[in-house]
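Given next are the chains, with one letter for each unit.
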Amino acid sequence: MDKQEIIKISVIALIIVALFNAFGIGGNVNIKWLLKLVTGFSLFIVILYWKVLPYKNKLSEANLKKFETVGGICDPIFNLFTRLPKIKLGEYTDMNAAPLAVCGILILILMMI
C-alpha cells in the first residue's frame, strides 16, 4: 500500500467511527473525547498548513522540514478532492476548494462526535 491509500483508509475509518458515535453505537466517553481531540488537532493542522502554503519559500530550514512533513500528510488528502471546481475570487484569482472541503468534513465530524 502506498501513502495515499493509507490516508484514504484512515479518513474513511475516522468518518465511520464518527458516524457510529453520532448514532450512539459507541458509548465510551473516553473514546469520544479522544476522537474530538484528534479531529480538532487535525483541523488545526490542516488550516495551519493551508494558510502557510503560499509562504513556503520564506520558511527557515528547520520550519521547512516540519512543513514538508505535514505536507506529506495533507497533500494526499487534498488530492482526493482535485475534481472540485476552483472557487473564483476575482477576474484573475481563484482558490483551490480542496482545503475548504477537508475543513468542512472535519468540522462536521467534530460536531457529530
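All values reported here derive from a predicted model rather than from experimental measurement.

What to know about the layout of surface pockets
Here's step 1: Size it by volume and the largest pocket reaches roughly 530 Å³.
Here's step 2: Forming the walls of the largest pocket are 21 residues, and the residues nearest its centre are Val 11, Leu 14, Ser 42, Ile 77 and Leu 106.
Here's step 3: For the lining of the largest pocket, the elements supplying multiple residues, two or more each, are helix H1 (3-22), helix H2 (29-52), helix H3 (61-79) and helix H4 (98-112).
Here's step 4: Here the lining of the largest pocket gets seven residues from one element, more than from any other, and that element is H1.
Here's step 5: The residue inventory of the lining of the largest pocket, partitioned by class, reads 18 nonpolar, two polar and one charged.
Here's step 6: The calculated volume of the second largest pocket comes to roughly 160 Å³.
Here's step 7: As for the second largest pocket, its lining consists of Ile 45, Leu 48, Tyr 49, Val 52, Leu 59, Asn 63, Lys 66, Phe 67 and Val 70.
Here's step 8: For the lining of the second largest pocket, the secondary structure elements donating two or more residues are H2 and H3.

Some points on the side chain of Thr 39
Here's step 1: Inspection of the secondary structure puts Thr 39 in helix H2.
Here's step 2: We classify Thr 39 as buried; its relative accessible area is 0%.
Here's step 3: With near-sequence residues (within four places) excluded, Thr 39 lies in contact with Leu 14, Leu 106, Ile 109, Leu 110 and Ile 113.

Concerning the confidence of the model for the protein chain
Here's step 1: Here the protein chain averages 80 in pLDDT, while 87% of its residues score no lower than 70.
Here's step 2: The lowest-confidence element of the protein chain is H1, averaging 73 in pLDDT; the highest-confidence one is H3, averaging 87.

A word on the environment of Ile 113
Here's step 1: For Ile 113, the location among the structural elements is in the segment after H4.
Here's step 2: Excluding anything up to four places from it in sequence, Ile 113 contacts Ala 18, Lys 32, Leu 35, Lys 36 and Thr 39.

Structural notes on H3
Here's step 1: An ideal rise of 1.5 Å per residue puts 27 Å on 19 residues; H3 measures up with 26 Å between its terminal C-alpha atoms.
Here's step 2: The axis of H3 is deflected most strongly, by about 35°, at Gly 71.

Things to note about the nonpolar core
Here's step 1: Grouped together as the largest cluster of nonpolar side chains are 13 residues, with contacts concentrated most on Val 46, Tyr 49, Cys 74, Phe 78, Val 102, Cys 103 and Leu 106.
Here's step 2: Those elements that provide at least two residues to this core are H2, H3 and H4.
Here's step 3: Apart from residues no more than four positions distant in its own chain, Leu 106 is found in contact with Leu 14, Thr 39, Ser 42, Leu 43 and Val 46.

Things to note about the environment of Leu 59
Here's step 1: Mapped onto the elements, Leu 59 comes out in the loop between H2 and H3.
Here's step 2: By relative accessible area, Leu 59 is classed as partly exposed at 26%.
Here's step 3: Filtering out sequence-adjacent residues up to four positions away, Leu 59 remains in contact with Val 52, Leu 64 and Phe 67.

Observations regarding the environment of Asp 75
Here's step 1: Mapped onto the secondary structure, Asp 75 falls in helix H3.
Here's step 2: On the basis of relative accessibility, which here comes to 33%, the residue Asp 75 falls in the partly exposed class.
Here's step 3: Along the backbone, Asp 75 and Val 46 are 29 residues apart, and their C-alpha atoms lie at a distance of 9.8 Å.

Calculation criteria
Residues numbered from 1 in each chain as written. Predicted model: local features only at pLDDT ≥ 70, side-chain atom pairs only at ≥ 80, totals over all residues. Heavy atoms only, no water. 1 Å grid on protein atoms, 1.4 Å probe; cavity = no way out; pocket = protein on both sides within 12 Å on 5 of 7 lines; lining within 4 Å. Points joined across faces, edges and corners; volume = space filled by probe spheres on them. Helix = DSSP H or I, 4+ residues; strand = E, 2+ residues; numbered from the N terminus. Nonpolar A, V, L, I, M, F, W, Y, C, P; charged D, E, K, R; others polar. Buried < 20%, exposed > 50% of the residue type's maximum accessible area, 1.4 Å probe, protein only. Contact = heavy atoms within 4.5 Å. pLDDT = per-residue confidence, 0-100. Expected span 1.5 Å × (residues − 1). Bend = angle between axes of the 7 residues up to and from the residue. Core = buried A, V, L, I, M, F, W, Y, C linked by side-chain atoms within 4.5 Å.

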